[in-house]
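An overview of the molecular structure
Here is what each chain is made of, one letter per residue.
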Amino acid sequence: MANSKPTTRFRFWLWLIRVIGVIVPGRLRADWRQEWESELQYREELLTEWDKLNWRAKLALLWHSLGAFADALWLQPRRWEDEMIQDLRFGFRMLLKHKGFTAIAVLSLALGIGANTAIFSLVEAVLLRPLPFPEPDRLVMIWQDNSRKGSFRGNLAPGNYSDLKTQNQSFEDVAAFSGASLNLTGDGEPEKINAQFVTTNFFSVLRSKPVLGRTFLQEDGNPDAGKVVLISYGLWQRRFGADASLIGKEILLNDQKFTVVGVMPAGFQMLKNEVGLWAPAIFNQSDLSDRGSHYLNVIARLKAGVTLHQAQTDIETICQRIARDYPRLAEGMGAYALPLREQLAGDMRLALMVLLSAVGCVLLIACANIANLLLARAAARHKEIAVRAALGAGRLRLVRQLLTESALLAGMGAALGVLFAYWSFAFLKQLIPESMALSTNLEISAPVFGYTLLLTMVAGLSFGIAPALQAAKIDLNEALKQSGGRFGEGHRRLRGALVVVEVAMSLVLLVGAGLLIQTFVRLRNLDPGFQPENVLTVTTNLPRGKYGELSQRTAFYQQSLERIRSLPGVTNVAWTTAAPLAWKGGGTGIAAEGGETPVTGNVALHRQISPGYFLTMGIPLLQGRHFNENDGPEAPPIAIINETMARQFWPDEKNVLGKRFKFGFHDSTNSWITIVGIAGDVKQMGLDAPVKAEMYLPYRQISNFGFSPSNLVIRTVGGPLRLAPAVRQAVWAVDRDQPVSNLRTMGEILAGEVSQRRIGMTLLAAFASLALALAALGIYGVLSYAVSQRTPEIGLRLALGAQPSDVLRMVLSLGMRLTLLGLGAGLAASFALTRVMEKLLFGVRPADSLTFAAVSLLLLFVALAACYIPARRAMKVDPMVALRVE
């Protein structure tokens, strides 16, 4: 019994030696094992006297015994030098030996990883990167729910904003702002500056600080306070030369003096990216009781610990109270809170997720292709691997060597892919939403780099593991034969399965691209309701202080029209509140004579125009007459309405000429307006948005300064932009201090409406084309390999009387069978996945049969072409040569 204990314990130490030896370099294991067996034998003798040892001796014994682990770890650099460097050097030599294979694999991976890196950098910047405000997750926008009137999102009236601010229990503070345009004059040329009028607590809600000066104080919002303004960093540098002494000085805005009190930091923006000025919004008591003018954007900061759901419940309670107290103006009023992140990202979230999924598919296809190439290459290296195994290399060692080569391919592809991604940023920044364009930039940030690194590791493992495991399944007896070296049925099935996956994913991408292409084409070919060719639009806002009277504005409009009309190449010119698609607002509530239409929001759009507007824009007048110079202040109020307004307010009338309506309720003191014409519908709210009821009013009959026209539309004989300098001089000839800005053609405005769709379509089409090319390459590779493997069989068939056409059919049938399997799987996946894209489509269904059929035929044609080349080569096999090789 006395001897059994040491023996048992010694076996334990031998097991321990084997465990530790795994991490010791192979060339050191023999010496290491002899030394440690002697050492452990000595300690084994000490362990027999364990009970007699004091606690210090026991502790020392355990400490020195466990020191084996530390010694083994200390030897790791030498192990790494011995084995890892050896694997890397050998892997590099093998990749350099097969330059064609390496170039194809690295380029495929670079395109796949680069595309993923580029799109993920966009996703990270728009959806994941923290907004440039302290605790941005607590910031929300509050919108009025106008779903009963056909639009989900609406601005708040000052009175409703005031109630939300004072009665809520969920927000630290609530601020409001609205957009405007101010004319900056004085030193230099006059300039129109986009501005925002904000409540004095606006910057404190955002917790944003200026780089110079201060933000607004509470007293800056008093009606009798001096006029102050904050300017943007860009305007400060561009217009004022970054002069730090500007703080405290006065600038002239709309012919009124404003004192500059601060400069906001570079990149600061809220919704709009071109805002250059912020001025205090001043509300008097009558403004805060106004519940009919909906023009305020509202932003709030949640209290710490308050959830969005709690805040929404609070808002609904306040809205119910407002609806009860003001049933006429706020009947059925609702409002909701939207996280600022969702507000700024807008509809881009779905588009970015679709693109990210698409580039993921491209990378998977690239990995499948490289796996196929590696499988074919492993077949060529079969005897080499068998020789290494025969000389003592274990299966784990072989797998590790092959995975090292895959890791090198992935690493080189990733390095080149990151470079591709960086080059693509100049193009991809066009997909950043306008509300984030100034504060967001694309870069290879730490999250993007980490994503790329993870993607590289996963890609290297995904395309390398299966070929490595297959190659390491060595039957030495068979592999070392002269005729050995062919892989079995399992190998062929794996390669075929990879091709099926490639075809299926390619079909999904092609279907998605086809649907987006159809959407883009339908939008571009959509009739906008006007003729955009050769039309120039110009913005010029008249300042209230200088043109407060209708007669003053009328004189300016008429003189400008006369001067521009006389320019060579101008055929028509007119004034309007806004050109089509340039401004998607201007709605007001109206009451139709004889009807009971409620007035609870923006019921109909309104545009103030000069005579000749419809002829200039090419908008058809379907009934009635145009405006003329007799439609002045003394003439009865008239209007021309669009078809949609006629159907909406007088659904049972075939002829609405002579019908009347007024702004507000039936019992309001506003004058009745008589309809004198019906115009065709115009896509004012967007090419993919439904047409709304709209009215056109003679500009000389509207005394309200806020409704005054601010846009010129000019139809020319040739290219309209060549007249831009002459138009600017014509306006300045009437008023030298009047800014002339936003000189754009209607073609540019139309292109801007579909620009993001065009970019998304282009990207998805490019990814789908790349996937199609990779799938074709995969089919070609599999069939070429199959032909090379079956060359003796083909030679035997031909020697026994088979015709070349029989060989052609055999090879084509193999390739087309894989293609059809992939098509079946791809069609099933496409029917399920394209439903996700429904919100991105216009005029086409997600399950559009024409798209599915066209894409399937295209894929079949490409696959047939990829099959034909190796099939043609198989037909030309010389039976005698093939049999002699066998």
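Residues numbered from 1 in each chain as written. Predicted model: local features only at pLDDT ≥ 70, side-chain atom pairs only at ≥ 80, totals over all residues. Heavy atoms only, no water.

Time to look at the overall build of the protein. When you go through the protein residue by residue, the secondary structure sums to 28 helices and 23 strands. A burial count over the protein gives 50% of its 886 residues as buried. Sequence separation of at least 24 residues holds for 81% of the intrachain contacts in the protein that already meet a minimum separation of 6. As presented, the protein carries roughly 41300 Å² of accessible surface, and 58% of it is formed by carbon and sulfur atoms. (Helix = DSSP H or I, 4+ residues; strand = E, 2+ residues; numbered from the N terminus. Buried < 20%, exposed > 50% of the residue type's maximum accessible area, 1.4 Å probe, protein only. Contact = heavy atoms within 4.5 Å. Areas by Shrake-Rupley, 256 points an atom, 1.4 Å probe, with all protein chains shown as cover.)

What follows concerns the packing of aromatic side chains. Scanning all chains against the criterion turns up 21 aromatic pairs. Seen in terms of ring centroids, F203 and F216 are 5.8 Å apart; in terms of plane orientation they differ by 65 degrees. Their pairing is edge-to-face. One end of the pair, F203, is in helix α7 (residues 202-206); the other, F216, is in the loop between β5 (212-213) and β6 (228-231), and 13 residues separate them in sequence. When sorted by exposure, F203 lands in the same class as F216, which is buried. Aromatic rings pair up to connect F133, F177, F202, F203, F216, F268 and W278 into one cluster. (Phe/Tyr/Trp six-rings, centres within 6.5 Å; stacked < 30°, edge-to-face > 60°.)

Further remarks concern unusual backbone geometry. The phi torsion at R207 lies on the positive side, around 60 degrees, for a residue other than glycine. Looking at the secondary structure, you find R207 in the loop between α7 and β5. Since its relative accessible area comes to 32%, R207 is described here as partly exposed. Of note, the phi angle at N742 is positive, near 50 degrees, even though the residue is not glycine. With respect to the helices, strands and loops of the structure, N742 is situated in strand β23 (residues 741-745).

Attention now goes to the confidence of the model for the protein. Predicted coordinates in regions of low pLDDT should not be interpreted in detail. Chain-level pLDDT for the protein is 84 on average; 84% of the residues reach the 70-or-more range. Per-residue pLDDT stays below 50 along residues 1-10; that stretch engages in eight contacts with residues further than four places along the chain or on separate chains. (pLDDT = per-residue confidence, 0-100.)

Attention shifts here to the nonpolar core. One finds F202, W278, I299 and Y696 to be the most contacted residues of the largest nonpolar core, which totals 133 residues. In terms of residue count, helix α24 (residues 755-789) provides more of this core than any other element does, 15 residues in total. Once you skip the residues sitting within four places of it in the chain, I299 turns out to touch V140, M141, D173, V174, A175, F177, F202, V205, L206, M270 and L340. (Core = buried A, V, L, I, M, F, W, Y, C linked by side-chain atoms within 4.5 Å.)

The subject of this paragraph is the packing of helix α5 (residues 99-128) against α24. Closest axis-to-axis distance for the α5/α24 pair is 12 Å, and the angle between their directions is 155 degrees. The orientation of α5 with respect to α24, classified from their angle, is roughly antiparallel. Between α5 and α24 lies a crossing whose hand is left-handed. Contacts between α5 and α24 involve I104, S108, L111, A115 and I119 on the former and, on the latter, L763, F767, L770, L774 and L777. Counted by class, the contact of α5 with α24 contains nine nonpolar, one polar and no charged residues. (Axes fitted to C-alpha atoms, helices over the stretch in contact; angles between N-to-C directions. Parallel < 35°, antiparallel > 145°, perpendicular 65-115°, else oblique. Left-handed = near helix turned anticlockwise from the far one by under 90°. Nonpolar A, V, L, I, M, F, W, Y, C, P; charged D, E, K, R; others polar.)

Considering the arrangement of structural elements, one finds S232 in the loop between β6 and α8 (233-240). By relative accessible area, which is 11% here, S232 ends up buried. In terms of polar contacts, S232 uses its side chain to reach the backbone amide nitrogen of L235, at 3.2 Å. Apart from residues lying up to four places away in sequence, S232 is in contact with V263, M264, V275, G276 and W278. (Polar contact = N/O pair within 3.5 Å; in protein donor to acceptor, adjacent residues only side chain to side chain.)

A cluster of nonpolar side chains, contributed by L419, Y422, W423, I444, F449, L453 and M457, occupies part of the molecular surface with about 780 Å² of accessible area. Looking at the nonpolar patch, the elements that each hand over two or more residues are α15 (395-428) and α16 (446-472). On the secondary structure map, Y422 appears in helix α15. The class of Y422 is exposed, set by a relative accessible area of 55%. (Patch = residues over 30% accessible without salt bridge, like charges linked within 9 Å, V, L, I, M, F, W, Y side chains within 5 Å. Salt bridge = Lys/Arg side-chain N within 4 Å of Asp/Glu carboxyl O.)

The subject of this paragraph is the pairing of strand β10 (residues 297-302). Of all six residues in β10, six are buried; the element is thus mostly enclosed. Two strands pair when backbone bridges link them, and strand β1 (residues 139-145) and β10 are joined in this way by four bridges, in the antiparallel orientation. Bridging from a neighbouring strand, I142 pairs with V298 of β10. Bridge analysis of strand β3 (residues 171-185) against β10 gives six bridges, and the strand direction is antiparallel. Note on β10: the bridge partner recorded for A175 is I299. (Pairing = 2+ DSSP bridges.)

Here we take up the side chain of S170. Checked against the element boundaries, S170 lands in the loop between α6 (158-167) and β3. Here the side chain of S170 touches D314 through a polar contact of 2.9 Å, side chain to side chain. Other than its neighbours up to four places away in sequence, S170 contacts L302, K303, V306, Q310, A311 and D314.

Now for the pattern of salt bridges. As enumerated under the stated definition, the model contains 20 salt bridges in all. The shortest N-O distance in the salt bridge between R129 and E124 comes to 2.9 Å. Measuring nitrogen to oxygen at the nearest pair gives 2.5 Å for the salt bridge that ties E135 to R207. Pair noted here: E135 is in the loop between α5 and β1 and R207 is in the loop between α7 and β5, with a separation of 72 residues, a long-range link. The exposure class assigned to E135 is partly exposed, which follows from its relative accessible area of 41%. Each of E135, R138, E172 and R207 takes part in salt bridges that share partners, so that together they form one network.

Turning to helix α27 (residues 849-875), a few remarks are in order. With 27 residues, α27 extends 38 Å between its outermost C-alpha atoms, agreeing within 8% with the 39 Å of an ideal straight helix rising 1.5 Å per residue. At Y868, α27 shows its largest bend, some 25 degrees, and a proline, P870, comes one to four positions later. (Expected span 1.5 Å × (residues − 1). Bend = angle between axes of the 7 residues up to and from the residue.)

This part covers the packing of α6 against helix α10 (residues 308-325). At a closest axis distance of 10 Å, the pairing of α6 and α10 adopts a crossing angle of 130 degrees. Considering their axes alone, α6 and α10 lie oblique with respect to each other. Here α6 and α10 pass one another in a crossing that is right-handed. For the pair α6 and α10, contact is made by N160, D163, L164 and Q167 and by I315, I318, R321 and I322, respectively. Tallied by class, residues from the contact of α6 with α10 come to four nonpolar, two polar and two charged.

Another aspect to go through is the environment of P636. Looking at where P636 falls in the secondary structure, it is placed in the loop between β17 (621-624) and β18 (638-642). C-alpha separation for the pair P636 and W672, spaced 36 residues apart in sequence, amounts to 8.9 Å.

Most of α6 is tucked away: seven of the 10 residues are buried. Buried-residue contacts for α6 involve β1, β3, α9 (285-288), β10 and α10.

A word on the pairing of strand β12 (residues 535-539). Across the five residues that make up β12, a large majority, five, are buried. Here β12 shows a buried face lined by V535, T537 and T539 and a second buried face lined by L536 and V538. Where β12 lies against strand β22 (residues 711-716), five bridges are found, and the strand directions are antiparallel. If you follow T539 over to β22, its bridge partner there is N711. In the sheet, β12 pairs with β23 via three bridges, with the strands oriented antiparallel. Bridging across to β23, T537 finds its partner in R744.

Quick look at the environment of A592 now. With respect to the element layout, A592 can be found in strand β15 (residues 590-592). Remark: the alpha-carbon pair of A592 and H666, spanning 74 residues in sequence, is separated by 7.8 Å.

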